[in-house]
Amino acid sequence: MPAHFDAEEIRAPEIREKALFETLRALLAGAAETTPALKRQLDGVSIDALADRAALQQVPVIRKGDLVALQAKAPPFAGLTSVAAGKMKRLLVSPGPIFDPEGHGKDWWGSARALFAAGMREHDIVHNAFSYHLTPGGYIMESGAHALGCAVIPAGVGNTEQQIEAIAALRPSGYLGTPDFLKILLDRLSGAGIDNPIKRALVSGAAFPPSLQQEVAARGVDAYQAYASAELGVIAFETPARSGLVVNEGLIVEIVRPGADQAVPEGEVGEVVVTRLSAEYPLLRFGTGDLSRIVAGRSPCGRTNQRLAGWMGRADQRTKVKGMFVDPAQIAAIAKKFPELGRLRLVVTRAGEQDQMVLKAEAVSPDSDLSGALEQALQASTKMKGRVEIVSPHSLPNDGKVIADERPAS
């Protein structure tokens, strides 16, 4: 049995980088004129100069948190698609609401590699328990299963008893869905005295803690995790090495400072930003709102792409202080003015029935002039006064937090 989906997964990283940026430039050259939002995003940027990740940082990030407002201004897809809605394969809706297109083509969502890494192969029968009702989940996984040559039971969500009947009769060897619903199905099969045919699983959409991983494994199911979104499809996936999530092919993944456009040093926690090389839906530097970090080195499984440490929280840390919102972008603007500093963190507390702000900044040594300049910058950026505390380098946690709300819950 082959260990990898294809040779692309094990090519030299420098060859992959060269190919990704060549494809990106060709894609943008063709799509910029027919994709209004992309054209605005590239204003003042030379497409020919986008040769590497450093150059890519010239391009502003478009964040998922802004999609609802952007789509309201330019329905239905905020001008981010290069073709009309009627030329798409499916028009889908995620909570928000956020409207998502599905284009044409084999494995359009890029899930086949994740299913392959989870052990699913041609002619396997897979039980797909992701939703098929308006949302993309069911279609994301089904497209990859079909690309592999698997037969799919389109179970969707709910109707648990009917799903148990289908599993008992059709004997799927694979499961696609959330980890908690997998446990429900395994419990129901056991309770009904039905032998469990499911041996492999690809789970996503919910936490898969070690305790549940152990329980599922003890019941004979080899389960792997996928990190996916409605806009991007499968971003990264777990492999038999169980050592981080390998980034999918055809994507450029960066980790940036929350609220900013600049990438963090490797190993730092930040927001996952993805460029998807899709002709119909060419998302350029799309901020997912999720926190993660790059795992150093290559995966023991032999795949040579970057690895993510997994989901580590949300990057959207917008906080109301004294009746006004403070956004990570405001703290990022301060960091840009003081490039000699390390990490910055705005800590919000409450004392004497008043909100208090303290900007903690990593610097080599305390400096009253620096503190004063930072206090002025903080007030100019947030329109509120706050204290500044200079701390030693590398003393602030590497958790991606730019704003820490430490006020007691009301």
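Above: the structure in question.
Residues numbered from 1 in each chain as written. Predicted model: local features only at pLDDT ≥ 70, side-chain atom pairs only at ≥ 80, totals over all residues. Heavy atoms only, no water.

### A few points about the sheet that holds strand β6 (residues 174-177)
Short version of the rule: When DSSP finds two or more bridges between a pair of strands, those strands are recorded as paired. By definition, any uninterrupted DSSP run of H or I lasting at least four residues is a helix, any uninterrupted run of E lasting at least two residues is a strand, and each is numbered from the N terminus.
Here nine strands make up an open sheet; going across it, the order is β5-β4-β6-β7-β8-β9-β10-β15-β14 and the pairing mixed. The sheet is open, and its two borders are formed by β5 (151-154) and β14 (294-295), each paired with just one other strand.

### What to know about unusual backbone geometry
A cis amide bond links proline 75 to the next residue, proline 76, at an omega of -5°. Of note, proline 76 is situated in the loop between α4 (67-73) and β2 (90-94). In this structure, arginine 171 takes a positive phi of about 55° despite not being glycine. Tracing the sequence through the fold places arginine 171 in the loop between α7 (160-170) and β6.

### Section: the sheet that holds strand β21 (residues 403-405)
Heads up, the condition is: Throughout, an axis means a line fitted to C-alpha atoms (over the contacting stretch in the case of helices), and angles, computed between N-to-C directions, take values from 0 to 180 degrees. Residues are treated as being in contact if the distance between any of their heavy atoms lies within 4.5 Å.
Taken together, four strands build an open sheet; the order of strands is β20-β19-β18-β21 and the sheet is mixed. Single-partner strands in this sheet number two, and they are β20 (387-391) and β21. Taking the axes of each pair of neighbouring strands and ignoring which way they run, one obtains an average angle of 25° across the sheet. Relative to β20, strand β19 (residues 354-362) runs parallel, the two being bridged by five bridges. By the bridge assignment, lysine 360 is partnered in β20 with glutamate 389. Contacts between helix α10 (residues 328-337) and the sheet are confined to β18 (344-351), β19 and β21, with β18 contributing the most and set at about 130° to the helix. In this fold helix α11 (residues 368-382) packs onto β18, β19 and β20, with an angle of close to 130° to the strand it touches most, β20.

### Thoughts on the packing of aromatic side chains
Worth spelling out the cut-off: Pairs were defined over the aromatic rings of Phe, Tyr and Trp, the Trp ring being its six-membered one, requiring ring centres within 6.5 Å. Orientation was assigned from the angle between planes: stacked under 30 degrees, edge-to-face over 60, tilted for the rest. Each residue is placed in one exposure class: buried if its accessible area under a 1.4 Å probe, protein chains only, is under 20% of its type's maximum, exposed if it is over 50%, and partly exposed if it falls in between. Criterion for a charge above a ring: Arg CZ or Lys NZ at most 6 Å from the ring centre, at most 35 degrees from the ring normal.
Throughout the structure, instances matching the rule amount to three aromatic pairs. Geometrically, the ring pair formed by tryptophan 108 and tryptophan 109 is edge-to-face, given 4.9 Å between the ring centres and 90° between the ring planes. On the basis of relative accessible area, tryptophan 108 is assigned to the buried category, the value being 9%. A cation sits over an aromatic face here: arginine 121 above phenylalanine 116, 3.5 Å from the ring centre. Cation over ring: arginine 276 sits above tryptophan 108, and NZ or CZ is 4.0 Å from the ring centre.

### What to know about the environment of isoleucine 252
Inspection of the secondary structure puts isoleucine 252 in strand β11 (residues 251-256). Residue isoleucine 252 is classed as buried on the basis of its relative accessible area of 0%. Each C-alpha atom, one on isoleucine 252 and one on glutamate 17, is 8.6 Å from the other, the two residues being 235 residues apart in sequence. Once residues within four sequence positions are removed from consideration, isoleucine 252 is found in contact with Leu20, Phe21, Leu24, Arg53, Leu56, Val273, Val274 and Thr275.

### Notes on the pattern of salt bridges
Keep this limit in mind: Salt bridge, as used here: a side-chain nitrogen of Lys or Arg that lies within 4 Å of a carboxyl oxygen of Asp or Glu.
Within the structure shown, the criterion is met by 32 salt bridges. The salt bridge involving glutamate 249 is made with arginine 16; its shortest N-O contact spans 3.0 Å. Remark: arginine 16 occurs in helix α1 (residues 13-31) and glutamate 249 occurs in the loop between β10 (245-247) and β11; sequence separation between them is 233 residues. Neither glutamate 249 nor arginine 16 differs from the other in exposure class; each is buried. Put simply, glutamate 33 and lysine 39 hold a salt bridge, and the shortest N to O gap is 3.4 Å. When salt bridges that share partners are traced, they join Asp6, Glu8, Glu9, Arg11, Arg16, Arg113, Glu249 and Arg303 into one network.

### Observations concerning the pairing of β5
Our working rule: Assignment of crossover handedness uses the view with strands pointing away from the viewer, where a clockwise path from the first strand over the helix to the second indicates a right-handed crossover.
Two elements, strand β4 (residues 125-128) and β5, share four bridges in a ladder whose sense is parallel. Looking at the pairing, asparagine 128 lines up with proline 154 of β5. Running through helix α6 (residues 137-148), the crossover from β4 to the neighbouring parallel element β5 is right-handed.

### As for the pairing of strand β7 (residues 200-203)
Relative to β7, β6 runs parallel, the two being bridged by four bridges. What sits directly across from glycine 174, in β7, is arginine 200. In this fold, the crossover linking β6 to β7 by way of helix α8 (residues 179-191) has right-handed handedness. Traced from β7 through helix α9 (residues 210-218) to strand β8 (residues 222-229), the parallel crossover comes out right-handed.

Purely geometric numbers; function is a separate question.
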